Every structure is written in structure tokens, then in C-alpha cells.
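Fold and geometry: a report
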Amino acid sequence: MKKIILLLSVVIVLASCLQEKEISSIHPENWSKRKITMKVQDSLEHGKSYLSIYSQIYSSSEHKTHNLTAMVSLRNTSDVDTIYLSKAEYFDTHGVSLRNYFSHPIYLAPLETAEIIIDEMDVEGGTGSNFIFEWQAPKDCPEPLFEGIMNSTVGQQGLSFTTQSRRIK
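Heads up: these notes are all about the structure in this document. (Residues numbered from 1 in each chain as written. Predicted model: local features only at pLDDT ≥ 70, side-chain atom pairs only at ≥ 80, totals over all residues. Heavy atoms only, no water.)

Inspection of the secondary structure assignment puts Asn76 in the loop between β4 (69–75) and β5 (83–91). Judged by relative accessible area, Asn76 falls into the buried class, the value being 3%. Within polar-contact distance, the side chain of Asn76 engages the backbone nitrogen of Ser78 at 2.9 Å. In this structure the side chain of Asn76 is engaged in a polar contact, spanning 3.0 Å, whose partner is the backbone oxygen of Ala109. Excluding residues that lie within four positions of it along the chain, Asn76 makes contacts with Asp81, Thr82, Ile83, Leu108, Ala109, Pro110, Leu111 and Glu112. (Helix = DSSP H or I, 4+ residues; strand = E, 2+ residues; numbered from the N terminus. Buried < 20%, exposed > 50% of the residue type's maximum accessible area, 1.4 Å probe, protein only. Polar contact = N/O pair within 3.5 Å; in protein donor to acceptor, adjacent residues only side chain to side chain. Contact = heavy atoms within 4.5 Å.)

Pairing within the open sheet is antiparallel, and its four strands lie in the order β8-β4-β10-β11. Bordering the open sheet on either side are β8 (113–118) and β11 (157–164), each of which pairs with just one other strand. On average, each strand axis in the sheet is tilted by 20° relative to the strand beside it, whichever way the strands run. (Pairing = 2+ DSSP bridges. Axes fitted to C-alpha atoms, helices over the stretch in contact; angles between N-to-C directions.)

Here we take up the pairing of strand β2 (residues 56–59). The two faces of the sheet receive side chains in turn, since in a regular strand these alternate between them. Pairing analysis gives four bridges linking β2 to strand β3 (residues 61–67), with the strands arranged antiparallel. Residue pairing across strands places Ile57 opposite His66, the latter belonging to β3. Counting the residues that bridge the hairpin from β2 to β3 gives one residue, and of these Ser60 lies at a positive phi of roughly 75°.

The structure is reproduced here in C-alpha cells:
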């Protein structure tokens, strides 16, 4: 009987150590501190950009995948103008919308960068995940830059690569 109680105690202790970790990519930085109330301004140029990212890549064959951490970097490349983002929407491999990161326009000050992190354990996007960003900037202002930086380290091996956005509108 003592062995059963001891075994049961060990199982309970081990189970309590296996608490589910919170995925930070679902709880991104507090976008409300960047919130801005905007009226439609004809003087601003509107654009839409596509960024491919990879929360998983194939390894050895199409039947084995390797999880990656993805950092999505949202950069204002202007050193004088503030830009505005009205959408940062994340899609999975099949084009299904997974989440919007903010529901109101936000601003990026000159040369400012904001980031979205897709955790290594967040594989909901799959091997072909992507973002759509909608933005507004003053005329003659450089376009914002959206980059994906994917990485992973296992043991002594590391893997990293980058992607850059493409304007689609």
C-alpha cells in the first residue's frame, strides 16, 4: 500500500510540473499604447504588404517537420515621418486567418520598430504561414519594411533565415 501511495504521489508531482506553457504569440505586446484615432486623410498613401514566415519547415522528408521561432519585425524606415498600420493579420498555410494583432490603427514613430513573436511551439501556421499588413504613410515617405526572422537551435546546431515583405497594393 505504501508503494502505491508513493507511486501515486510521484505521478501527481510530475503531472503538476507539466503545466501548459502560455504561447506568447497569442498575447502580443500591448498594442493599445500605440493606438491612434485617425480620420481618413487623403494626403496619406495607402499600401498593403505580404510577408511569408515559417513556423515549421520540412526536415529530411515531407513527413518530418522542424519547429521554428519567428520574429516578425515591423519597421518604419523613415527618419522623419510617422507611419500608421491598420492591420497585421496572420494566416496559416491554407490561407485561413488565425488572428489579427490589433483592431485599431497604430503608429510607428520615425525609425521605430515593433515586433510580433511566433513561439516555436506555436505551429498553427504551418509551413506556409504569412502576414498581410495594411499601412498608411505620408506621400514621398519610404515604405515600411516588414521582415521575418526564423530560427531554431537544437543541441549545438542552429538554423536561421530571413524573409522580406512584398508590396501587393
